[in-house]
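Observations on chain architecture
Residues per chain, in single letters:
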Amino acid sequence: MSDVVLETKGLIKHFPITQGIVFKTKVGAVRAVDGVDIQLRRGETLGVVGESGCGKSTLAKLLVGLEKPTSGSIMVRGQDMVRLKGTELRKARRNIQMVLQDPYTSLNPRMTVGDIIGEPFEIHPEVVPKKGRQRAVQDLLDTVGLNPDHINRYPHQFSGGQRQRIGIARALALKPEIIVCDEPVSALDVSIQAQVINLLERLQDEFGLSYIFIAHDLSVVRHISDRVAVMYLGRIVEHGYDREIYEQPTHPYTQALLSAVPVPDPRLRGQRDQIVLEGDVPSPANPPSGCRFRTRCWKAQDICAQQDPLLQIRDRSPHPSACHFAEIRDVVHGR
């Protein structure tokens, strides 16, 4: 456990649903994150995948403190971020930073690149002396592959890929151990995506960073991740090493996701056993009883409506899976 840099236990975030204008009455809650346990080890990348609305971005905001959890713990280097306050919380937040999804809206258009990257130094003045901040910002620009002489330019003078590099430089400013990447390449062209992914991998090797990499593109996640966690309706339904998840998926939801990934080899396209899920994703304000995936699952039986399956290793599953009938399925050849 000494190499675990981040761990969550029973992490829950419910957004209350209220009615009334003056006297608001709580009538329910949106269960965006509903009991998530994850571990991140030093120097590894944990990929988090799932459909839109499954709670990935809410999980990211919880980890960096942009949202306060309803309950549960977020342990960073043995400190529970949920319980820390004041100066202790400010210092602990230096260890975990975030790269946001949209490089166009995540940078203040009225601030220069130097001010954007150097802003963390204003909040944490102990990191870099005031006289050395301009040089530190220029070094960060050089680290992410940008011209240090462009320190006085504004975000609109950069391309999308360059703006995302600025966001990465800002995340690196406080020398964190953990970076949460919330779909950092989804708004970029494919060729630029590869450049940004390669940059993240180089920085990880150079600085020993640990990543939580959130994305809906399973091909990108497989390329960069060491382990993968699959989310559905606020919960982790399967997790394991990348090869286990992609070559030996056991949860029906994971199998359906992988069957939708485009196959580049034309010889295998006709052999693809594509799984088409029926019905819509249930509302997180009113999830189904028992297994949350049962309303769209072809394996569902009576027990699925009665018992919520635990995320655990089962007889026919080589890694933890939250399914009563988890078993390996070859999504390419349909076995």
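These numbers come from a predicted model, not from an experiment. (Residues numbered from 1 in each chain as written. Predicted model: local features only at pLDDT ≥ 70, side-chain atom pairs only at ≥ 80, totals over all residues. Heavy atoms only, no water.)

**What to know about a nonpolar patch on the surface**
A contiguous nonpolar surface patch, about 440 Å² in accessible area, is contributed by Ile 21, Val 22 and Phe 23. The residue Val 22 is located in the loop between β1 (4–19) and β2 (25–41) in this model. (Patch = residues over 30% accessible without salt bridge, like charges linked within 9 Å, V, L, I, M, F, W, Y side chains within 5 Å. Areas by Shrake-Rupley, 256 points an atom, 1.4 Å probe, with all protein chains shown as cover. Salt bridge = Lys/Arg side-chain N within 4 Å of Asp/Glu carboxyl O. Helix = DSSP H or I, 4+ residues; strand = E, 2+ residues; numbered from the N terminus.)

**Quick word on the sheet that holds strand β10 (residues 235–241)**
Strand order in this open sheet of 6 strands is β6-β7-β8-β3-β9-β10, and the pairing throughout is mixed. Edge positions in the sheet fall to β6 (96–99) and β10, since each has one partner strand and no second. Adjacent strand axes in the sheet meet at a mean angle of 20° when their direction is disregarded. Sheet analysis places strand β9 (residues 227–232) next to β10, joined by 6 bridges and oriented antiparallel. The residue bridging Ala 229 from the neighbouring strand is His 239, located in β10. Sitting on the sheet, helix α5 (residues 160–172) touches β6 and β7 (178–182), and the angle it makes with β6 is about 175°. Sheet strands touched by helix α6 (residues 190–207): β3 (45–49), β7 and β8 (210–214). Its angle to β8, the strand with the most contacts, is close to 155°. (Pairing = 2+ DSSP bridges. Axes fitted to C-alpha atoms, helices over the stretch in contact; angles between N-to-C directions. Contact = heavy atoms within 4.5 Å.)

**Focus: the UniProt feature "domain: ABC transporter" (unreviewed entry) in the chain**
Here the UniProt-annotated "domain: ABC transporter" (unreviewed entry) positions come out as residues 6–258. As a span, residues 6–258 carries 35% helix and 28% strand, and end to end its C-alpha atoms are 27 Å apart. (UniProt positions renumbered as here; feature names shortened; annotations may be inferred.)

**Notes on the packing of helix α3 (residues 113–123) against α5**
Look at α3 against α5: their axes get within 7 Å of each other, and the N-to-C directions meet at 30°. The angle between α3 and α5 places the two elements in the roughly parallel class. For the pair α3 and α5, the crossing hand works out as right-handed. Each of Val 113, Ile 116, Ile 117 and Pro 120 in α3 lies in contact with α5, whose residues at this interface are Ile 166, Ala 169 and Arg 170. Of the residues assigned to the contact of α3 with α5, the class counts are 6 nonpolar, no polar and 1 charged. (Parallel < 35°, antiparallel > 145°, perpendicular 65-115°, else oblique. Left-handed = near helix turned anticlockwise from the far one by under 90°. Nonpolar A, V, L, I, M, F, W, Y, C, P; charged D, E, K, R; others polar.)

**As for the side chain of Arg 296**
Structurally, Arg 296 can be placed in the loop between α10 (266–269) and α11 (302–306). Residues contacting Arg 296, with those up to four places away along its chain left out, are Glu 51, Tyr 232, Leu 277, Glu 278, Gly 279, Asp 280, Val 281 and Pro 282.

**Description of the sheet that holds strand β5 (residues 79–80)**
The antiparallel open sheet is built from 4 strands, whose spatial order is β2-β1-β4-β5. In this open sheet, the two edge strands, each paired with only one partner strand, are β2 and β5. Sheet contacts for helix α1 (residues 56–64): β1, β2 and β4 (71–76); angle to β1, the most-contacted strand, approximately 115°.

**Concerning empty space enclosed by the protein**
Within the structure shown, the criterion is met by 2 cavities of 30 Å³ or more. Considering only enclosed or pocket space, the largest cavity measures out at about 70 Å³ in volume. Forming the walls of the largest cavity are 13 residues, and the residues nearest its centre are Cys 291, Cys 297, Cys 304, Cys 323 and His 324. In the lining of the largest cavity, the residues fall into 9 nonpolar, 2 polar and 2 charged. In this structure, the second largest cavity encloses a volume near 30 Å³. Along the walls of the second largest cavity sit Val 49, Leu 218, Val 228, Val 230, Ile 245, Tyr 246, Thr 254, Leu 257 and Leu 258, which together make up its complete lining. For the lining of the second largest cavity, the elements supplying multiple residues, two or more each, are β9, α8 (242–247) and α9 (252–259). Tallied by class, residues from the lining of the second largest cavity come to 8 nonpolar, 1 polar and no charged. (1 Å grid on protein atoms, 1.4 Å probe; cavity = no way out; pocket = protein on both sides within 12 Å on 5 of 7 lines; lining within 4 Å. Points joined across faces, edges and corners; volume = space filled by probe spheres on them.)

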